[in-house]
Each structure stands twice: as C-alpha cells, then as structure tokens.
Amino acid sequence: MKRNENITGLRKFLFYVRLSLACAWRYWRHPSALLKASQLTRIFFKHKLKRLKSGGYKLDFYLPRYPSQAFFTALEDKVICRPPRPVSVVLSISKACAYKCPHCYQRKDDPHELPLETLVENVRKMRDFGIVAWAVEGGEPLMRFERLEAVLAEIAGLEVWVNSTGHGATPEKIRRLAELKVTGIMSSIHSVDEKAHDAFTGVAGSWRRALDFLRDCRDAGLLVGFNTVLSDREVVDGGIDRIMNLAAENNCDYIQLIHPKACGAWMGKAFDRSLHAEAVRIACAAQRHYNSARSRSPTILTAQVYEESPEMLGCCCGGIDRFYVGANGDVQPCEFVNISFGNLAEVPFETAYARMRQAFAVPCEEWTCERRAAEISAKAGARLPLPWEETQKLVAGWKGGTPTKVYDRMGIYR
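Remember, predicted model here, so these are calculated numbers, not experimental data.

Analysis parameters
- Residues numbered from 1 in each chain as written.
- Predicted model: local features only at pLDDT ≥ 70, side-chain atom pairs only at ≥ 80, totals over all residues.
- Heavy atoms only, no water.
- 1 Å grid on protein atoms, 1.4 Å probe; cavity = no way out; pocket = protein on both sides within 12 Å on 5 of 7 lines; lining within 4 Å.
- Points joined across faces, edges and corners; volume = space filled by probe spheres on them.
- Helix = DSSP H or I, 4+ residues; strand = E, 2+ residues; numbered from the N terminus.
- Nonpolar A, V, L, I, M, F, W, Y, C, P; charged D, E, K, R; others polar.
- Pairing = 2+ DSSP bridges.
- Contact = heavy atoms within 4.5 Å.
- Axes fitted to C-alpha atoms, helices over the stretch in contact; angles between N-to-C directions.
- Expected span 1.5 Å × (residues − 1).
- Buried < 20%, exposed > 50% of the residue type's maximum accessible area, 1.4 Å probe, protein only.

Observations regarding empty space enclosed by the protein
The probe, sized like a water molecule, is rolled over the atoms to show the empty space still left.
Alright, step 1. Across all of its chains, the model carries four cavities of 30 Å³ or more by this definition.
Alright, step 2. Of all the secondary-structure elements, those providing two or more residues to the lining of the largest cavity are helix H9 (232-236), strand S9 (254-258) and helix H11 (273-290).
Alright, step 3. Among the elements that take part in the lining of the largest cavity, H11 stands out by supplying four residues, more than any other.
Alright, step 4. Grouping the amino acids of the lining of the largest cavity by side-chain chemistry returns nine nonpolar, two polar and one charged.
Alright, step 5. Approximately 70 Å³ is the volume attributed to the second largest cavity.
Alright, step 6. If you trace the second largest cavity, you find it lined by Lys261, Gln304, Glu308, Cys315, Cys316, Cys317, Arg322, Cys334, Phe336, Val337, Thr368 and Cys369.

In structure tokens, the structure reads:
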C-alpha cells in the first residue's frame, strides 16, 4: 500500500509550477484574483508538501487538500469574495470528557449543549457560507457519537479533522469516521513520558490509549497526528525534538504544537516573558528545520507560533481565517479568546459573525490570546466566555495592531 510522502526540493517546486498553471486556468478572467492567489499560496512554499496516498496534496495542515473543490473554495474565500471570508472553524459539539487536563480552555464554559437540531442548522449555515476546513471536537466527541455523526454527515467531503483522545473509541466508530470521509484525527499527546502524560490528563492509560487509537485510525486510511502543548521550559529544554521523535516512531503525519495560553482553566496565569520569548524563537526555528529538506522526519511540525508569526499569516482569529463555536453555542474569535459575540441558541449565526468581524476588521500580527489576556481576565467571572453584553463593552476600546504583511500586500481587507 502506498504511504503518504513528504516532498521537498525540485519536486515541490514543480508542484507549485503546476498549481500556478491550474490557478491561471481557473482565474484567467480575474487577473487581480490570480495575483492574490499567487501571493497567498507562496506563503505555504515554506512548508513540506505532503503527497497523500489517495493522490492529493496537502500544502499546509490548515488548508484543504489539493486538488479539491474545498481547496479552491478556500482560495476564493480570500481572493474573490468581498469582503473576504474565513476558511476554518473549530467546532465543539459537547463538553463531555473524562479527562482533567489543567490547561483546558473549556473548563469554565457553560456545560449545556446546543440542541442537536440547532447545532446541525448552524453547521449547514457555516458550510453554505464557505467554511471548508473543520476541526470538530468536544470535550471528547466520541462520547457523544450521535452528535458527531450528525455534524460529520453535513460536511462530508470537506477538510474535516476530529480532535479526540480516543476515549470511547471502537472499531465500529473508527470505521464510521472513515465512511463519513473524515480527513484525519488529532489526539492529545503532551509528553514522551507515559506517566507524565497520564498525570497531566488525570486518567491512567490515556497516553497508550491515544497512541493505539491513532494507529487504528491510520490503518483505517485517515491522516493522524498529535495535538501537543509543551510548557516554555519543556520547549527550551529540547522537548520539541523528543515529541517529534515519538510522533515519527508512531508514523504520525503532523504535530500541531500549541503554546501555553492564559485562558480557560489557565485564565490569569502568568508566564515568564523572557522564557516565553526564547521558547517562541526555538519553536519557530524547529518549524523551519522540520519543514526543510534537511529533515528526514516523516512527521510535519506545525507550530502555531510560527504559523501565526509576522512572516506567515499573523493572528487569524475573529473570522479572519478562523473562529470558534463552543459546545453551548457561543461564537468566539478563537478557542483561546474567551469572549462571545452571541450564542446560537439566542441569535442567528449571521448576527454573531457580523459583530465579530466588526471587532476584528483587519488581520494583525499580534496574538489576541496574549495581547488581550489581562483585559479578559479582569472581566472574567465564574463562567466563560464573557457574554456578548460584556464583550461589546470590552472590544469597543480595542485598537488595531500591526497589519499582517501578506494580507496588507494583497489589499483585501481595506
């Protein structure tokens, strides 16, 4: 059986030549769109190209595979639609979870679930609006599998990743995920040490369960990877190389490296600024290394601090490229920014989205999750996210930051 393959060097260059010709053919009636498409896709040349055994290609972890209608919709969301639209959403379908991770960004969220019919109705709205890249999660989505199935049935064929610890997995559920055309599975692995990981989640056996689950999903034909949170100290002490080696040993396609955030259960947490700055530098250097021809690792590193750096796309939250919908229906700019622009049980998606886009009108380099953490924490109560009434007052005083270079050059948010 063919394997997924990472491509660098001349073969990657030739792929981008073919991609440029395909875009030229598709957009020859829209010269300005063709130029903007070239500016945007050029960003992803910095990544390893993944050739899928299905015959498609992944330019970037967050982009739909090429060639697919979802890929071109994602491109058109940016280069043709006015105003431009977001490409992706992180959608929580339930807070149900057996784990007790200390960093959980949902820890203080309302535990009530959005009614299933309301959830599905809004999934259709977001799909029809042009959202083509979906990260569907819980809590633990396998614990509420009927809700997961209903959502996946509406977005089958798009770029769909399911975030799952593997808790509650069965061969039948994995087979059903494949039938519903899920692209891949990301599972939380926060340490190369089994005992340390299990202590972090608060559940014995969680490390081994996640690795076994990823193996079974890979055998079912899905892409697989780690969602990994490493502390700044762990990054500085060489933790990225260790977790990358573990991912490679387990034939993972990706690691999404997430830096610690002062949100959710860690709301108000203080981080050592100098240590954090060094960890960011190391993570960006690791991203460049593991995406270069020098690295033979079968696993591609996607470090959020690099993907959201000034040389890439900057902060993409607030409906620039992505947003978040919590399990109870709150529309948030990002899972790590605990403010709500409306609850889908109370207002239409269009209303909450319009409020959010007004507050995040122009993409900027600064990370909202860090820049605004203290302000949000000062307003936070026992429950998160901040309701719309509080959010409205908070964001009224926010000023824009440094415009993201690539989007500024494209001129699509003016």
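So, next bit.
Focus on the sheet that holds strand S7 (residues 184-188)
Alright, step 1. Reading across the sheet, the nine strands line up as S10-S9-S8-S7-S6-S5-S4-S11-S12 and stay open at both edges, with mixed pairing between neighbours. The outermost strands of the open sheet, each flanked by one partner alone, are strand S10 (300-303) and strand S12 (331-332).
Alright, step 2. Note that S9 and S10 share four bridges and pair parallel. Pairing of Ile255 across the sheet is with Leu301, part of S10.
Alright, step 3. Sitting on the sheet, H11 touches S9 and S10, and the angle it makes with S10 is about 150°.

Description of H11
Alright, step 1. Counted at 1.5 Å a residue, the expected span for H11 with its 18 residues is 26 Å, and the 26 Å between its end C-alpha atoms agrees.
Alright, step 2. Looking at H11, one finds that the buried residues are Leu275, His276, Ala279, Val280, Ala283, Cys284, Ala286, Gln287 and Tyr290.
Alright, step 3. Where the residues of H11 are buried, they touch H9, helix H10 (239-249), S9, S10, helix H12 (304-307) and helix H14 (368-371).

As for unusual backbone geometry
Alright, step 1. With an omega dihedral of -5°, the bond running from Tyr66 to Pro67 counts as a cis peptide bond.
Alright, step 2. If you trace the backbone, Pro67 turns up in the loop between strand S3 (57-58) and helix H3 (69-79).
Alright, step 3. With an omega of -5°, the peptide bond between Leu384 and Pro385 qualifies as cis.
Alright, step 4. At Lys181, a position not held by glycine, the phi torsion is positive, near 65°.
Alright, step 5. Of note, Lys181 is situated in the loop between helix H6 (171-179) and S7.
Alright, step 6. Positive phi outside glycine occurs at Asn251, with the angle close to 55°.

Side note on the environment of Ala352
Alright, step 1. Topologically, Ala352 is positioned in helix H13 (residues 349-359).
Alright, step 2. For Ala352, a relative accessible area of 0% corresponds to the buried category.
Alright, step 3. Through-space distance from the C-alpha of Ala352 to that of Val79 is 24 Å; in sequence the pair is 273 residues apart.
Alright, step 4. The residues touching Ala352, leaving out its near neighbours within four places in the chain, are Val331, Phe341, Gly342 and Val347.

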